[in-house]
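# Coordinates in review
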Amino acid sequence: MKHLNYFLIIIILIGLACTKAEKKSEEKTQEEQPELTEEPTKTYLEIDVIELESIEAGDEIRLELIESEMYTLIIQRAEETMQGIVSISAIVNNEETGQANLIFREGKLSGQMTMHTKGIMYNLGFDENEQLHFISPIDPEERDILPGGEPREVPRNDG
């Protein structure tokens, strides 16, 4: 009889342990599922694509946000890195405002703009459904930032 009681107690304990493990497993699975996030806000741009086909250093590109502001990208470098693909680096309005690193391919402009004065980064791309270029802010939580110390100040030669 004692053995039967011990056996029943062991079975009950095993059952409780399994139930707790299953509950923890369910909680972990729920935690691992990514939360549904809203799609970033897209602001559509008016870009003269024909102008981009012959872009070179010193040229300016005007990015007119259909609903509000306008930025002028001053081209620092435009180089065909592969056939049909032009890599573009530019400053935005002036060196203090921001910088852009873009790719122009098959009539479409894409890349990133960093606005130093606002502390914001933007993705620039082409919306296939709307057939328009757009700019959208990058969520700071989504950015890849390496751990480290404070950024170093680069001395400027203003003279």
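Everything quoted here is computed from the prediction, not taken from an experiment. (Residues numbered from 1 in each chain as written. Predicted model: local features only at pLDDT ≥ 70, side-chain atom pairs only at ≥ 80, totals over all residues. Heavy atoms only, no water.)

Take the pairing of strand 1 (residues 43–46) next. Each regular strand carries side chains that alternate between the two faces of the sheet. Here strand 1 shows a clear split, with Thr 43 and Leu 45 buried on one side and none of Tyr 44 and Glu 46 buried on the other. Here three bridges tie strand 1 to strand 8 (residues 132–137), and the two strands are oriented antiparallel to one another. The partner of Thr 43 across the bridge, within strand 8, is Ile 135. (Buried < 20%, exposed > 50% of the residue type's maximum accessible area, 1.4 Å probe, protein only. Helix = DSSP H or I, 4+ residues; strand = E, 2+ residues; numbered from the N terminus. Pairing = 2+ DSSP bridges.)

Per the stated rule, a full pass over the model turns up three salt bridges. The partner of Lys 42 in a salt bridge is Asp 127, with the nearest N and O atoms 3.2 Å apart. In this pair, Lys 42 is assigned in the loop between helix 1 (2–32) and strand 1 and Asp 127 in strand 7 (residues 120–127), connecting sequence segments 85 residues apart. With a relative accessible area of 8%, Asp 127 lands in the buried category. Put simply, Glu 128 and Lys 108 hold a salt bridge, and the shortest N to O gap is 3.0 Å. Here Glu 128 is found in the loop between strand 7 and strand 8, whereas its partner Lys 108 is found in strand 6 (residues 108–115), with 20 residues between them in sequence. (Salt bridge = Lys/Arg side-chain N within 4 Å of Asp/Glu carboxyl O.)

Attention shifts here to the nonpolar core. Membership of the largest hydrophobic core comes to 22 residues, with the highest contact counts inside it found for Leu 73, Ile 88, Leu 109 and Met 113. Elements that contribute at least two residues to this core include exactly strand 2 (60–65), strand 3 (70–82), strand 4 (85–92), strand 5 (98–105), strand 6 and strand 7. A total of four residues in this core trace back to one element, the largest contributor, which is strand 4. Beyond its immediate chain neighbours, meaning those up to four positions away, Leu 73 contacts Asp 59, Glu 60, Ile 61, Leu 63, Ala 90, Ile 91, Val 92, Ala 100, Leu 102 and Met 113. (Core = buried A, V, L, I, M, F, W, Y, C linked by side-chain atoms within 4.5 Å. Contact = heavy atoms within 4.5 Å.)

Tracing the backbone through its elements, the reader meets Asn 94 in the loop between strand 4 and strand 5. The class of Asn 94 is partly exposed, set by a relative accessible area of 33%. In this structure, the C-alpha to C-alpha distance between Asn 94 and Thr 72, residues 22 residues apart in sequence, is 8.6 Å. Only 2.9 Å separates the side chain of Asn 94 from the backbone nitrogen of Glu 96, close enough to count as a polar contact. (Polar contact = N/O pair within 3.5 Å; in protein donor to acceptor, adjacent residues only side chain to side chain.)

Once that is clear, we can look at unusual backbone geometry. The phi angle at Glu 106 is positive, at roughly 50°, despite the residue not being glycine. If you trace the backbone, Glu 106 turns up in the loop between strand 5 and strand 6. Residue Glu 106 is classed as exposed on the basis of its relative accessible area of 64%. Residues other than glycine seldom take positive phi values, yet Gln 131 does so here, at roughly 55°. Relative to the helices and strands, Gln 131 is located in the loop between strand 7 and strand 8.

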